[in-house]
Amino acid sequence: MELIQKTSDLSAYLAADEAVDHEHPSVREAAGRLARQAEDSYGYARLAFEFVRDTIPHSQDSGDPRVTWRASDVLERRTGICYAKAHALAALLRAEDIPTALCYQRLDVVHGLVAVRLDGAWHRQDPRGNKPGVNAQFSLGKERLAFTPDRAAGEEDCPELYAAPHPAVLDVLKAATDRPHLWETLPTTL
């Protein structure tokens with residue numbers, strides 16, 4: 001699949017916004033800590049991915065009812081669904097000047113991912129969090145995402161790369177009173 005930048009200016013994929021708030025002190029602190037462990041941009045991107053995937057539980061898996069949507073809140077509260085975890089990873093990567101896009105899959109509901117720009121190309125990553133039957137890994141080669149869309153069921157990979165969270169995603173996150181409420185309102189299309 002050919003990934004499509006929705007914004008031609010690559011600097012848009014480095015920008016901070018209300019959800020990808022990479023200028024927030026908690027994001028800067030986490031980014032600095034990870035950067036000190038990395039030898040290069042690739043190593044940093046892998047460490048940031050593993051940090052979000054492995055140390056921030058997916059709230060559905062852990063049973064946490066809280067809804068987070070800002071990257072800083074995800075890092076401070078240590079919880080989030082796929083969209084929120086994607087916002088956190090995007091913020092950590094952008095904090096170290098690695099262009100990062102938000103992207104999606106349409107499964108039974110819309111699923112959030114990121115795409116990182118390294119080695120002159122975009123590479124999709126899924127920081128959702130592993131569990132039995134889910135084994136997402138950082139890769140610049142063959143994608144190793146959490147889920148493969150079932151084309152026969154009408155599921156698909158969405159090729160668009162967004163500089164900011166899609167409004168349909170951000171709106172449901174902001175409106176949710178708790179995770180059970182969020183689960184009832186997750187978007188099925190973008």
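Here is a short report on the structure shown in this document. Quick caveat: nothing in here was measured; it's all calculated off a predicted structure. (Residues numbered from 1 in each chain as written. Predicted model: local features only at pLDDT ≥ 70, side-chain atom pairs only at ≥ 80, totals over all residues. Heavy atoms only, no water.)

With that out of the way, let us pick up helix 6 (residues 167-175). Looking at helix 6, one finds that the buried residues are Val169, Leu170, Val172 and Leu173. Angularly, the buried residues of helix 6 cover 165° about the axis, an arc narrow enough to put them on a single face. Looking at helix 6, the residues exposed on the side facing more than 90 degrees away from the buried face are Pro167, Asp171 and Ala175. At its buried positions, helix 6 is contacted by helix 5 (82-95), strand 2 (100-106) and helix 7 (179-185). (Buried < 20%, exposed > 50% of the residue type's maximum accessible area, 1.4 Å probe, protein only. Helix = DSSP H or I, 4+ residues; strand = E, 2+ residues; numbered from the N terminus. Arc of directions from axis to C-beta. Contact = heavy atoms within 4.5 Å.)

Here we take up the packing of helix 1 (residues 25-37) against helix 2 (residues 41-55). Close contact between helix 1 and helix 2 brings their axes to 9 Å; oriented N to C, the two are set at 130°. As far as their axial angle goes, helix 2 and helix 1 are oblique. In this structure, the crossing between helix 1 and helix 2 has a hand that is right-handed. Contact residues: Ala31, Arg33, Leu34, Ala35 and Gln37 in helix 1; Tyr44, Leu47, Ala48 and Phe51 in helix 2. For the contact of helix 1 with helix 2, the per-class residue count stands at seven nonpolar, one polar and one charged. (Axes fitted to C-alpha atoms, helices over the stretch in contact; angles between N-to-C directions. Parallel < 35°, antiparallel > 145°, perpendicular 65-115°, else oblique. Left-handed = near helix turned anticlockwise from the far one by under 90°. Nonpolar A, V, L, I, M, F, W, Y, C, P; charged D, E, K, R; others polar.)

Next up on the list: the sheet that holds strand 2. With antiparallel pairing, the four strands of this open sheet are ordered in space as 4-3-2-5. Each edge of the sheet is formed by a strand with only one pairing partner; in this case those strands are strand 4 (121-125) and strand 5 (156-157). Pairing between strand 2 and strand 5: two bridges, direction antiparallel. Note on strand 5: the bridge partner recorded for Gln105 is Asp157. Of the strands in this sheet, strand 2 and strand 3 (110-118) touch helix 5, which is tilted by about 15° from strand 3. (Pairing = 2+ DSSP bridges.)

Turning to the environment of Asp61, a few remarks are in order. With respect to the secondary-structure elements, Asp61 resides in helix 3 (residues 59-62). Sequence spacing of Asp61 and Ser41 is 20 residues, and the spatial spacing of their C-alpha atoms is 30 Å. The contacts of Asp61, once residues within four sequence positions are left out, are Arg128 and Lys131. Of note is the side chain of Asp61, whose polar atom sits 2.7 Å from the side chain of Arg128. (Polar contact = N/O pair within 3.5 Å; in protein donor to acceptor, adjacent residues only side chain to side chain.)

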